[in-house]
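Below are the chains, spelled out letter by letter.
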Amino acid sequence: MMEDIWIKKWNERYGEEDYAYGETPNVFFEEKIKELKTGKILLPAEGEGRNAVFAAKLGWSVFAFDQSEEGKKKAMKLAKKNGVTIDYQVGDLGAVNFPQEEFDVIGLIYAHFPANLKSAYHKILDGYLKKGGFVVFEAFSKNNLTYRAKNEKIGGPRDLDSLFSIEEIKADFSNYEILQLEEKEVELGEGLYHNGKGSVIRFVGKKK
Ligand SMILES: C[S@@+](CC[C@H](N)C(=O)[O-])C[C@H]1O[C@@H](n2cnc3c(N)ncnc32)[C@H](O)[C@@H]1O
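1. Focus: the sheet that holds strand S6 (residues 176-190)
Thought 1: Spatially, seven strands are ordered S3-S2-S1-S4-S5-S7-S6 in an open sheet, and the strand pairing comes out mixed. Here the strands that pair on one side only, and so sit at the sheet edges, are strand S3 (87-90) and S6. Neighbour-to-neighbour, the strand axes of the sheet open up by a mean angle of 15°, direction not taken into account.
Thought 2: As judged from the seven bridges shared by strand S5 (residues 129-140) and strand S7 (residues 194-207), these two strands associate in the antiparallel manner. Within the sheet, the bridge partner assigned to Val136 lies in S7 and is Val204.

Set out below in structure tokens:
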């Protein structure tokens, strides 16, 4: 099955000793989360837990999930090392279940879901967010393919449809007040797999 190959890829990556994207949070996530009042946060596709652990250290009540069992192991190890607790489930976004309108913030950091499901998955996540809650999003834009062609080490999906555009974010989060939405060239230095110049979409939205 296609999904099994996909999960195997992530388990292999997270089975390595080092942290694939480092032990420190994504820079944009760090900046934005510090500005918001602490509460309950959901981090989908959270991998090895760098953003979850950072939020927990700031006092957030943290819920995370990912399809990768190895990702969870690394995340729990990182949480222990930092003296914090996080609630981390293993499962596909289509299978995990949270109460409706439960969270104050949803952090989508390089949450690259399968192209044919990504909009539907954003809608599911929207259901978990309280009215007045925030989405903080950073992921590779479609233009990252040009950057990847010059420098493989930047990483990110190889197919155009798994990458994001401003128009797609506007459509998926049409019921949000847009506080920030931009496509930006960034210099990443995240662990082993996000290094060099790349192109990302950054979005902060408030659910109406
Ligand atoms: C590039 S990594 C980002 C990890 C983490 N958010 C970070 O920034 O360090 C993408 C993650 O998405 C997860 N993922 C992809 N599709 C998923 C799905 N349908 N359900 C749950 N997790 C998924 C992968 O297992 C992987 O951990």
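2. Some points on the pairing of strand S2 (residues 61-66)
Thought 1: Extensive coverage of S2 is indicated by the burial of five of its six residues.
Thought 2: Relative to S2, strand S1 (residues 40-43) is paired through four bridges, and the arrangement is parallel. From the neighbouring strand, Lys40 faces S2, where its bridge partner is Ser61.
Thought 3: Each parallel crossover has a hand, and for S1 linked through helix H3 (residues 50-57) to S2 it is right-handed.
Thought 4: The parallel pair S2 and S3 is bridged by helix H4 (residues 69-81), and the resulting crossover is right-handed.

Basis of the calculations
- Residues numbered from 1 in each chain as written.
- Predicted model: local features only at pLDDT ≥ 70, side-chain atom pairs only at ≥ 80, totals over all residues.
- Pairing = 2+ DSSP bridges.
- Helix = DSSP H or I, 4+ residues; strand = E, 2+ residues; numbered from the N terminus.
- Axes fitted to C-alpha atoms, helices over the stretch in contact; angles between N-to-C directions.
- Buried ≥ 20, exposed ≤ 12 C-beta atoms within 10 Å, placed from the backbone.
- Right-handed = clockwise from strand over helix to strand, strands pointing away.

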